[in-house]
Amino acid sequence: MARVVFMGTPQFAVPTLCALDEYHEAVGVVTQPDRRAGRGRKLVESPVKQVALARDLALFQPETLRGPEVIAHLAEWRPETIVVAAFGQILPGAVLSLPPYGCINVHASLLPRYRGAAPIAAAILNGDDVTGITTMRMDEGLDTGPVLGQAECPIAPDDTTGSLTAKLAELGAQLLIETLAGWLDGRIQPQPQDEAQATHCRQLEKKDGLLDWRRPAAYLDRQVRACDPWPGAYTTWQGERLKVLRARPEPGWQGEGQWGQVREKGEGIGVITGVGLLELLEVQLAGKKPMLAGQFARGQRDLVGGMLGT
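None of the values given here were measured: they were computed from a predicted structure.

A. Examining the environment of F6 more closely. Along the polypeptide, F6 turns up in strand β1 (residues 3–8). We classify F6 as buried; its relative accessible area is 1%. Once the C-alpha coordinates of F6 and A52 are considered, the two residues, 46 residues apart in sequence, prove to be 10 Å apart. Among residues more than four places away in sequence, those in contact with F6 are A13, T16, L17, L20, G28, V29, V30, V48, V83 and A85.

B. Looking closely at the layout of surface pockets. Taken as a whole, the largest pocket encloses approximately 1200 Å³ of empty space. Lining of the largest pocket is provided by 36 residues; of these, A86, A117, A118, P119 and Q203 occupy positions nearest its centre. If you list the elements that add at least two residues to the lining of the largest pocket, you get β7 (103–107), α5 (119–125) and α6 (161–184). Here the lining of the largest pocket is composed, by residue class, of 21 nonpolar, 12 polar and 3 charged.

C. Fine view of helix α1 (residues 14–23). Within α1, 7 of the 10 residues are buried, which leaves it mostly tucked inside the rest of the structure. For α1, the set of buried residues is V14, P15, T16, L17, C18, A19 and L20.

D. Molecular detail of unusual backbone geometry. In the segment running from L111 into P112, the intervening peptide bond is cis, with an omega of 15°. Position of P112 among the secondary structure elements: in the loop between β7 and β8 (115–116). Of the consecutive residues W230 and P231, the connecting peptide bond is found in the cis state with omega at 10°. Counting through the fold element by element, P231 comes out in the loop between α7 (217–226) and β12 (233–237). The backbone phi angle of R78 is positive, close to 50°, even though this residue is not glycine. Inspection of the secondary structure assignment puts R78 in the loop between α3 (68–76) and β6 (81–85). Even without glycine at this site, A86 takes up a positive phi of about 50°.

E. Inspection of the state of the cysteines at higher detail. Summed over the entire model, instances satisfying the criterion amount to 0 disulfides. Lacking any disulfide linkage, C18 is separated from the closest cysteine sulfur, that of C153, by 19 Å. Looking at C227, it has no disulfide partner, and the nearest cysteine sulfur is the one in C201, 13 Å off.

F. Up close: the sheet that holds strand β10 (residues 147–154). Read across the sheet, 7 strands follow the order β5-β2-β1-β6-β7-β9-β10 without closing on themselves; strand pairing throughout is mixed. What marks the edges here is a single partner per strand, and that holds for β5 (59–60) and β10. As defined by bridge partners, strand β9 (residues 130–137) adjoins β10 across 7 bridges and the pair is classed as antiparallel. By the bridge assignment for β10, I133 is matched with A151.

Cut-offs used in this document
Residues numbered from 1 in each chain as written. Predicted model: local features only at pLDDT ≥ 70, side-chain atom pairs only at ≥ 80, totals over all residues. Heavy atoms only, no water. Helix = DSSP H or I, 4+ residues; strand = E, 2+ residues; numbered from the N terminus. Buried < 20%, exposed > 50% of the residue type's maximum accessible area, 1.4 Å probe, protein only. Contact = heavy atoms within 4.5 Å. 1 Å grid on protein atoms, 1.4 Å probe; cavity = no way out; pocket = protein on both sides within 12 Å on 5 of 7 lines; lining within 4 Å. Points joined across faces, edges and corners; volume = space filled by probe spheres on them. Nonpolar A, V, L, I, M, F, W, Y, C, P; charged D, E, K, R; others polar. Disulfide = S-S within 2.5 Å. Pairing = 2+ DSSP bridges.

As structure tokens, this is what we get:
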């Protein structure tokens, strides 16, 4: 059992924190400061903070990890290692060198593929069949440290960023416990990443949800799933934003019409794309509740035959 400080913020990090608290001595938890969110702009506690408070774990919420007072605070906990999972801040060298067994990161991809902030969405968007978790010893680069362990996870055809995140969160907790055991007793030796195979992914922005009907239906389906739950995929209808919550591609569909044009499709609607047809299953017009696409079409004059995204 090791003395461990944990750093993490979103729901993805919660299973790893719970596992550390069960198998090791979680001497402290570091998470992002409370942020204002929602229409009421109320302060919201991170999922990691909520779990730390519920388990009566020592909590620290610095605005930045830089500064002698922060290092002193961490040093008081005397950690043997620091475990990081989706913390949201870059660790400076003074933190990385603080614990004798270094800092271990739980990253949601099979490194060196998808270094960066949104590896789960990137794997879905690029059409990968498999992704996974990597545990690595952190250095001052962006996800460049040597690998300690990896575990694969298949990507289902209907996986969204939300559903795949939940799967990888559990897998990450399991791999971290296995990694820590081998790392602390010397059975695991860090393996350098192959820089020639490295790829990078940036954080998603709201504009990344905009559907371009010139693209193939298969790509647009992946975009809808990659942008779920955030930023959400969308197009426009008569000047209003129309969110596409669920869709299904028909890459082999052939017919006449222009990309972006709406066609009847069973009980719902389909949209002509650059290659194939994208069947819309669930949509949400700005200011309205989500509804089945067929129900939406029945309430919109001229939708069938009309154009989306113009």
